[in-house]
Amino acid sequence: MELIEQLKIIINDTVKAMDLLSTGYATVIRTSPLTLKILATQMEVIEPVAELTDNVRYKTVTVQGETVVINPGLRAGDKVLVMKANSGQNYIVISKV
């Protein structure tokens, strides 16, 4: 095998091992501070490593003087879809499942 072919294989294996971006599932352990248990690894991650998108944040609006809950946010025990970024340095909660 030529040197260039060997280098290509090494580079491809290295990039795969870095696992730069992938999705998975987690369970919410606590909401304050946000603590997630990643199902694939059973590892717990805590804010600021675990971050929320607007899809899962608690939201209310006031309509004619009354407060209406648009999104109830997360609770302990919720199953969520997470995106791993920066080789596992951050986990971004995309949505509830």
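Structure's up top.
Chemist: I would appreciate a short explanation of the nonpolar core in the present structure.
Modeler: Taken as a class, soluble globular proteins show a tendency for nonpolar side chains to be buried jointly. One finds L36, L74, V80, V82 and V93 to be the most contacted residues of the largest nonpolar core, which totals 13 residues. Those elements giving two or more residues to this core turn out to be β1 (21-31), β2 (34-38), β7 (79-85) and β8 (90-96). With three residues, β2 is the single largest residue contributor to this core. Ignoring any residue separated from it by four or fewer positions in sequence, one finds L36 in contact with A26, T27, V28, I29, M43, E44, V45, A50, V80, V82 and V93.

Chemist: What is the right way to read the pairing of β7 from this model?
Modeler: Both β7 and β8 contribute to a ladder of six bridges, which runs antiparallel. Across the sheet, M83 pairs through a bridge with I92, a residue of β8. Between the antiparallel neighbours β7 and β8 lie four residues, among them N86 with a positive phi of about 55 degrees.

Chemist: What's the story with the environment of L81 in this structure? I'm lost.
Modeler: Here L81 shows up in strand β7. Residue classification places L81 among the partly exposed positions, given a relative accessible area of 23%. Distance in space between the C-alpha atoms of L81 and T62 is 29 Å, their sequence separation being 19 residues. Beyond its immediate stretch of four places on either side in the chain, L81 contacts T23, G24, Y25, I92, V93, I94, S95 and V97.

Chemist: Explanation requested: unusual backbone geometry in the structure shown.
Modeler: The phi torsion of most residues other than glycine is negative, and most of the peptide bonds are trans. Each neighbour pair has its own omega, and for S32 with P33 the value is -10 degrees, a cis peptide bond. As for its placement among the helices and strands, P33 is situated in the loop between β1 and β2. A cis amide bond links E47 with the next residue in sequence, P48, at an omega value of 0 degrees. Summarising the element assignment, P48 is placed in the loop between β3 (44-46) and β4 (50-52). Non-glycine residue Q42 carries a positive phi angle of around 60 degrees. Of note, Q42 is situated in the loop between β2 and β3. By relative accessible area, Q42 is classed as partly exposed at 46%. Positive phi, close to 50 degrees, is recorded for Q64, a residue that is not glycine. Within the fold, Q64 resides in the loop between β5 (59-63) and β6 (66-71).

Thresholds, definitions, all that
Residue indices begin from 1 for each chain and proceed along its sequence in written order. Whole-chain, interface and lining totals are the exception, using all residues; otherwise, since this is a predicted model, local features are given only for residues with pLDDT of at least 70 and side-chain atom pairs are given and counted only at 80 or more. Only hydrogens and water are set aside when side-chain values are computed; all heavy atoms of the structure are taken into account. The set of buried Ala, Val, Leu, Ile, Met, Phe, Trp, Tyr and Cys residues whose side-chain atoms join them within 4.5 Å is what this entry labels a nonpolar core. Each residue is assigned to one of three classes by its accessible area relative to the maximum for its type, calculated with a 1.4 Å probe on protein chains only: buried under 20%, partly exposed between the two thresholds, exposed over 50%. The numbering of helices and of strands both runs from the N terminus, where a helix is a DSSP run of H or I of at least 4 residues and a strand a run of E of at least 2. Note on contacts: a residue pair qualifies if any of its non-hydrogen atoms lie within 4.5 Å across the two residues. Strand pairing is defined by DSSP finding a minimum of two bridges between the two strands.

Spatial relationships are all this shows, so hold off on functional conclusions.
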